[in-house]
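# Secondary and tertiary structure notes
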Amino acid sequence: MDVVVIRQTEAEDIIVITQLAYDLLPERYSSGVFSSLFERFPHGMLVAQEGPVIVGFLLGIIPAEDSARVLMLGVQPGCRRKGVGTGLLTAFRNAMDAFHVTSIYLEVMTTNDAAIAFYRKNGFEIQERMKNFYVTGEDAFLMRRTLTPLSARVPSPS
Ligand SMILES: CC(C)(COP(=O)(O)OP(=O)(O)OC[C@H]1O[C@@H](n2cnc3c(N)ncnc32)[C@H](O)[C@@H]1OP(=O)(O)O)[C@@H](O)C(=O)NCCC(=O)NCCS
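So, here's what we can say about the structure. The residue count restarts for each chain, going from 1 along the sequence in the order it is written. The predicted origin of the model limits local features to residues at a pLDDT of at least 70 and limits the giving and counting of side-chain atom pairs to 80 or more, whereas totals for whole chains, interfaces and linings rest on all residues. Heavy atoms from the whole structure form the basis of all side-chain values; hydrogens and water molecules are not counted.

## Some details on the overall build of the protein
Short version of the rule: In this description a helix means any DSSP run of H or I spanning at least four residues, a strand means any run of E spanning at least two, and both kinds are numbered starting from the N terminus. Computation of the radius of gyration draws on C-alpha atoms alone. For the globule rule, the value is 2.2 Å times the number of residues to the power 0.38. Buried, partly exposed and exposed residues are distinguished by accessible area as a fraction of the type maximum, computed with a 1.4 Å probe on protein chains only: under 20%, between the cut-offs, and over 50%, respectively. By definition in these notes, contact holds between two residues if any of their heavy atoms fall within 4.5 Å. Here the Shrake-Rupley method, with its probe set to 1.4 Å, supplies the accessible areas, and only the displayed protein chains count as covering residues. Residues scored as positive are Lys and Arg, those scored as negative are Asp and Glu, and His as well as the terminal groups of each chain are ignored. The atoms used to mark charge sites are NZ of Lys, CZ of Arg, CG of Asp and CD of Glu.
Broken down by element type, the protein carries four helices and seven strands. Listing each helix as α and each strand as β along the protein from the N terminus yields β-α-α-β-β-β-α-β-α-β-β. Its C-alpha atoms give the protein a radius of gyration of 15 Å, within 12% of the compact-globule value 15 Å for 158 residues. Based on the C-alpha atoms only, the size of the protein along its principal axes is roughly 40 × 40 × 30 Å. Looking at the 158 residues of the protein, the share that counts as buried comes to 41%. For the protein, restricting intrachain contacts to residue pairs at least 6 apart in sequence, the fraction spanning at least 24 positions comes to 61%. Surface exposure of the protein reaches about 9100 Å², of which carbon and sulfur atoms provide 53%. Here the protein contributes 15 positive and 17 negative side-chain charges, whose respective centroids are spaced 6 Å apart.

Below, the structure written as structure tokens:
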């Protein structure tokens, strides 16, 4: 695997993100969702690019003043377990610093063991089970990670 670059989404990436969401996630979204999110909050849209190929993406928003929410996150199967998902989540957290959010939360299917393990590894904890959260009737776990304010972070030794 070549070097993977995490960067903010550009308008021309929307078609690829729409396809990736279709390929990687079980939920179905109308194609307009992606361009409307991009217009509303481009800071929350990140892609992971390996060479010319986008291999992963993360879409997030700030629905309330103090919390950010991850709406979608996916990495191409051939690129998993190589830190790409963590890279996207870390870049999202860093981007959210500018908006002074105190936590990041998301919903994940209770049956999605890989994603639950991934989020736990990245400091998220299950807060509650949400019954019938998905249109399929499946339950979700609400998972949240509290953020340390930038001002309170200990600088790493250089
Ligand atoms: C969840 C997902 C984004 C993780 O992406 P990734 O690039 O593979 O994640 P990372 O390589 O950064 O994984 C970091 C850690 O998370 C945990 N983890 C990731 N995938 C895991 C799996 N399948 N099983 C158990 N633990 C897992 C591990 O602790 C891993 O560290 P390790 O590889 O050193 O053991 C990816 O599996 C995916 O796209 N899944 C399908 C879409 C999806 O479910 N999205 C989330 C919806 S809420």
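## Some thoughts on the site of the ligand
Heads up, the condition is: Only heavy atoms are used to decide nearness, and a residue is near a molecule or strand if one of them lies within 4 Å of it. Whenever two N or O atoms come within 3.5 Å, that pair is a polar contact, provided that in protein one can donate a hydrogen and the other can accept it, and provided that, for residues adjacent in sequence, both atoms are side-chain atoms. When residues are grouped by polarity, Ala, Val, Leu, Ile, Met, Phe, Trp, Tyr, Cys and Pro land in nonpolar, Asp, Glu, Lys and Arg in charged, and all others, Gly among them, in polar.
Lining the immediate environment of the ligand, one finds 21 residues, of which Leu 73, Val 75, Gly 85, Thr 86 and Asn 112 sit closest. The contact in question runs from an oxygen atom of the ligand to an N or O atom on the backbone of Val 75, over 2.8 Å. Separating an oxygen atom of the ligand from a side-chain N or O atom of Arg 80 is a distance of 3.5 Å. Calculation on the ligand without its partners gives an accessible area of 920 Å², and the protein chains cover 75% of this total. Going through the elements one at a time, β4 (67-75), α3 (84-97), β5 (103-109) and α4 (113-121) are the ones with two or more residues in the shell around the ligand. Top contributing element to the shell around the ligand by residue count: α4, with six residues. Taken together, the residues that form the shell around the ligand break down as 11 nonpolar, five polar and five charged.

## With respect to helix α1 (residues 14-24)
Stated precisely, the cut-off is as follows: What the arc measures is the spread of directions leading from the helix axis to the C-beta atoms.
Within the span of α1, buried status applies to Ile 14, Ile 17, Leu 20, Ala 21 and Leu 24. Down the axis of α1, the smallest arc covering the buried residues is 120 degrees, so these residues share one side.

## A few points about the packing of aromatic side chains
Basically, it comes down to this: Stacked, edge-to-face and tilted are the three classes for Phe, Tyr and Trp ring pairs, Trp counted by its six-membered ring, which pair at centre distances within 6.5 Å; planes under 30 degrees apart are stacked, over 60 edge-to-face, the rest tilted.
Scanning all chains against the criterion turns up five aromatic pairs. Between Phe 118 and Tyr 119, the ring centres sit 5.1 Å apart and the planes meet at 65 degrees, which makes this aromatic pair edge-to-face. Tyr 119 sits in the buried class, given a relative accessible area of 7%. Summarising the aromatic geometry, the rings of Phe 133 and Tyr 134 are spaced 4.9 Å apart at their centres and angled 85 degrees between planes, so their arrangement reads as edge-to-face. Members of the aromatic cluster, connected to one another through ring pairs, are Phe 118, Tyr 119 and Phe 124.

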